[in-house]
Amino acid sequence: MMRGQLFKKWGIFIFFFMALTVSAMAQYGRSADSSNYYNPITDDITKRLPPLEVLIDSAAYNSPSVKYEDLKSQYYYFEQLTAQRAWLNYFSLNWDMNFGRWDFWDQDQLTKVGRYYHSWSWRSNYAAGFYIRFPLQEFFDRRNNINKQKKWIEISQMQKEINRRFLVNEVIDHYNNLVQYQNYIRIYNEYQNFTMMQMRMAQNEFVNGEISTAEYTRLKEIQTRGAINFQQAIAEFNKEYKLLEVTTGMKFNLINILR
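Residues numbered from 1 in each chain as written. Predicted model: local features only at pLDDT ≥ 70, side-chain atom pairs only at ≥ 80, totals over all residues. Heavy atoms only, no water.

> What is the right way to read unusual backbone geometry from this model?
Peptide bonds are mostly trans, and most non-glycine residues show a negative phi. Phi at Asn253 takes a positive value of approximately 55°, unusual for a residue other than glycine. Position of Asn253 among the secondary structure elements: in the loop between helix H6 (213-248) and strand S4 (255-256). A relative accessible area of 53% means that Asn253 is categorised as exposed. (Helix = DSSP H or I, 4+ residues; strand = E, 2+ residues; numbered from the N terminus. Buried < 20%, exposed > 50% of the residue type's maximum accessible area, 1.4 Å probe, protein only.)

> When you look at empty space enclosed by the protein in this model, what are you seeing that I'm missing?
To find the voids left in a structure, one rolls a probe of water-molecule size over its atoms. Summed over the entire model, instances satisfying the criterion amount to one cavity of 30 Å³ or more. Contributing to the lining of the largest cavity are Tyr38, Asn238, Tyr241, Lys242, Leu254, Asn256 and Arg259. Among the elements that take part in the lining of the largest cavity, H6 stands out by supplying three residues, more than any other. The residue inventory of the lining of the largest cavity, partitioned by class, reads three nonpolar, two polar and two charged. (1 Å grid on protein atoms, 1.4 Å probe; cavity = no way out; pocket = protein on both sides within 12 Å on 5 of 7 lines; lining within 4 Å. Points joined across faces, edges and corners; volume = space filled by probe spheres on them. Nonpolar A, V, L, I, M, F, W, Y, C, P; charged D, E, K, R; others polar.)

> How should I be thinking about the nonpolar core in this particular structure?
Nonpolar side chains tend toward joint burial in soluble globular proteins. Leu49 and Leu244 are the most contacted members of the largest nonpolar core, which totals 22 residues. Listing elements by their share of this core, those giving two or more residues are helix H3 (52-62), helix H5 (136-207) and H6. In terms of residue count, the dominant contributor to this core is H5 (seven residues). Of all hydrophobic cores here, the second largest spans five residues; its members include Met199, Ile211, Leu219 and Ile222. (Core = buried A, V, L, I, M, F, W, Y, C linked by side-chain atoms within 4.5 Å.)

> How do you make sense of the packing of aromatic side chains when you look at a structure like this?
For any pair of aromatic rings, the description rests on two quantities: the centre-to-centre distance and the angle between the ring planes. Inspection of the entire model under this criterion finds eleven aromatic pairs. Relative to Phe78, the ring of Tyr77 lies with its centre 5.9 Å away and its plane at 55°, an arrangement referred to as tilted. Ring geometry for Tyr241 versus Phe252: centroids 5.6 Å apart, planes at 65°, classification edge-to-face. With a gap of eleven residues between them, Tyr241 in helix H6 and Phe252 in the loop between H6 and S4 connect regions that are remote in the sequence. Comparing Tyr241 with Phe252, the two get one shared label, buried. Through a chain of ring-to-ring contacts, three or more aromatic side chains come together here, namely Tyr38, Phe237, Tyr241 and Phe252. (Phe/Tyr/Trp six-rings, centres within 6.5 Å; stacked < 30°, edge-to-face > 60°.)

> Sorry if this is basic, but what is going on with the layout of surface pockets here?
Of the pockets and cavities examined, the largest pocket occupies roughly 190 Å³. The wall of the largest pocket is formed by Ala83, Ala86, Trp87, Tyr90, Phe91, Phe134, Pro135, Glu138, Phe139, Arg142 and Asn145. Among the elements that make up the lining of the largest pocket, the one with the highest residue count is H5 (four residues). For the lining of the largest pocket, a count of residues per class yields eight nonpolar, one polar and two charged.

And the structure:
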């Protein structure tokens, strides 16, 4: 009897614990829904995204092509420094030092006998020197080489600006397409609701024999085209949303309830 009461108490405790857990998860889910979920039919996507200027700045900051041109500019700057210091190649400081055993074989030229005499010695020697080469072509072309490296930096900066403007156009296109397809969703949604209501009326009329099969088929085709256009608009909207995320390098963390 005591064991049954104990199981009963534990069962009630587990029941209330699970109920509280489910309630907390439900409240968390509702809070997540209110912040992350949106409906293109009722919500304005421009109010849920950062301003267009912020999207453009983020795209430029995260763009690999823009960063690539920055790296090229830095590389050409180092090449410019190399060109400016190239005159050091014409100056040289040398130091040589040797030590070891030296062997000699000398011929006796005095007696004309033709014999060779071997001798050896331990020797050490060292030498220091400094020289300057002064090629005229390098002297007169030095400024030109430096200017060429400077032009490469300017070319890289110009390419960076070209990439940035192309990126701005791409962000604006995706942003405007996103807004445009949201308008299409709203229009096709209204049209779909109208055709569905019209189709229900036509179905009753067809059953009562008030309209022909051809008329019923025509109305069905209209309703089907409206549904297809609605789904295509949703697909294009989601695609432009993803492309805008990729282009800007940002995650908007919004979930479209129309999938």
